[in-house]
Amino acid sequence: MTTNHPWQAGTATGIGSYPGTDPAEALRIVLGELPDLPHLPELPARGPGADLIGRTAGLLIDMPVHVEPSGWRFSDRPGRDTLRSRDHLARDLDVLEELAAAHDEPFKIQVCGPWTLAATIELRHGDRALKDPGAVRDLAASLAEGAAAHVADVRRRLPAARIVLQLDEPALPAALAGTVPTASGFSRLRAIEEPVAEHVLRTVIETACADGAAYPVVHCCARDVPFALLRGAGARAISVDMSRIARRDDDAVGETIDAGTGLLLGAVPATDTALPSLRATAEPVRELWRRLGFPAARLAEQAVLTPACGMAGASPRYVRAALARCRDAAKMLFEAAA
């Protein structure tokens, strides 16, 4: 059974993106509301290069990108779009070091996973990289090396923290199902076989998290999360949107809990709404655990509460309220199990 999760019982965290354009302001909110497991906020409102794909593309080794009207595309040489991506991240890391250099709890960073990159970035002639197995292998190797360097940079800036590396894979279920559209949108790309998907993801996790450099989490906010595949690829925890987990997933979720794999459970809406009560927020988490037959004491140790997904579309006021609700609900679950 997987053990040694980096968080303490009754912990909450965020997913990744936030509204606004000021990295210092966003990080202060995260550090204040999520002190036990803060993370590096992503601010896509700053434009291309601050979004999920462009931000991670800036980490790629020897695979520059640029923006086309259709989205991100590989280039022959680094241009202003690649440089902009790197500049955004460099500024964020400088702010991180300034505000959190002494942080001695776990700290989470996020990068896009190889299958979502491959399903999104276009090759030079316009097809998505997902169409070309050789391009996928090259992309995964480049991402693995770039993510490892990113982890090392964050560890240098936060020497007392344990780094948690989240790989965002919202497009993985579509890649497995063969529902990713071609660049034209008129057809679908072939389905990826599960052993291939697992191997590619494992390549990135093993390189980026080698020798305990980081604790690997895979985030998938889509339906049909491939729990067994993610565990096989080396994910020590899996992050999901609870509203997208159906009863048919019970066996897969139960096997994940039984294996000791951590769960980051998206229990709070990620966009502005009237928040349910504290008890109503915690109850679906408690009910899932009860339905699957696991002791309540393991819930607070094995699970972390989060918003349902990234919060770039939320108002700053709602972000604070939602993060506080995640934190308070996680504490309630811990106190109830004590």
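Our subject is the structure that appears above.
Residues numbered from 1 in each chain as written. Predicted model: local features only at pLDDT ≥ 70, side-chain atom pairs only at ≥ 80, totals over all residues. Heavy atoms only, no water.

### Thoughts on the overall build of the chain
Piece 1. Helix and strand content of the chain: 12 helices and eight strands.
Piece 2. The C-alpha radius of gyration of the chain comes to 19 Å, within 12% of the 20 Å expected for a compact globule of 338 residues.
Piece 3. Each principal axis of the C-alpha atoms in the chain carries an extent, and together these give about 55 × 45 × 40 Å.
Piece 4. Looking at the chain alone, contacts between residues at least 24 apart form 74% of all its contacts between residues at least 6 apart. (Helix = DSSP H or I, 4+ residues; strand = E, 2+ residues; numbered from the N terminus. Rg over C-alpha atoms; globule rule 2.2 N^0.38 Å. Contact = heavy atoms within 4.5 Å.)

### Focus on the sheet that holds strand β3 (residues 107-112)
Sheets are built from strands paired through backbone hydrogen bonds, the pairs being either parallel or antiparallel.
Piece 1. Overall, parallel pairing links the six strands, which are arranged β3-β4-β5-β6-β7-β8 in an open sheet. Both edges of this open sheet fall to β3 and β8 (303-307), since each of them pairs with a single strand only. Along the sheet, successive strands turn relative to each other by an average axial angle of 25°, direction set aside.
Piece 2. Helix α12 (residues 316-337) rests against β7 (262-268) and β8 of the sheet, and its axis sits at about 160° to β8. (Pairing = 2+ DSSP bridges. Axes fitted to C-alpha atoms, helices over the stretch in contact; angles between N-to-C directions.)

### A word on the pattern of salt bridges
Piece 1. All chains considered together, the criterion is met by 20 salt bridges.
Piece 2. Residues D127 and K131 are paired through a salt bridge, measuring 3.4 Å at the closest nitrogen-oxygen approach.
Piece 3. Overall, the relative accessible area of 24% leaves D127 in the partly exposed class.
Piece 4. A relative accessible area of 46% places K131 in the partly exposed class.
Piece 5. The closest approach of N and O atoms between R244 and D241, which form a salt bridge, is 3.7 Å.
Piece 6. With a relative accessible area of 33%, R244 lands in the partly exposed category.
Piece 7. Here D241 falls in the buried class, since its relative accessible area comes to 8%. (Salt bridge = Lys/Arg side-chain N within 4 Å of Asp/Glu carboxyl O. Buried < 20%, exposed > 50% of the residue type's maximum accessible area, 1.4 Å probe, protein only.)

### Here's the deal with the side chain of T281
Piece 1. One can find T281 in helix α10 (residues 278-292).
Piece 2. Residue classification places T281 among the buried positions, given a relative accessible area of 2%.
Piece 3. Beyond its immediate stretch of four places on either side in the chain, T281 contacts A267, V268, P276, R325 and A329.

### Things to note about helix α9 (residues 250-258)
Piece 1. Within the sequence span of α9, burial applies to D250, V253, G254, T256 and I257. Along the axis of α9, the buried residues cluster in a sector spanning 160°; they form a single face.
Piece 2. As for α9, its buried residues are in contact with α8 (227-232), β6 (237-241), β7, α10 and α11 (296-302). (Arc of directions from axis to C-beta.)

### Some words on the environment of V304
Piece 1. Counting through the fold element by element, V304 comes out in strand β8.
Piece 2. Relative accessible area serves as the criterion here: at 0%, V304 is assigned to the buried category.
Piece 3. Separated by 76 residues in the primary sequence, V304 and A228 have C-alpha atoms spaced 19 Å apart.
Piece 4. Other than its neighbours up to four places away in sequence, V304 contacts W7, T11, A12, T13, L37, L263, L264 and L265.

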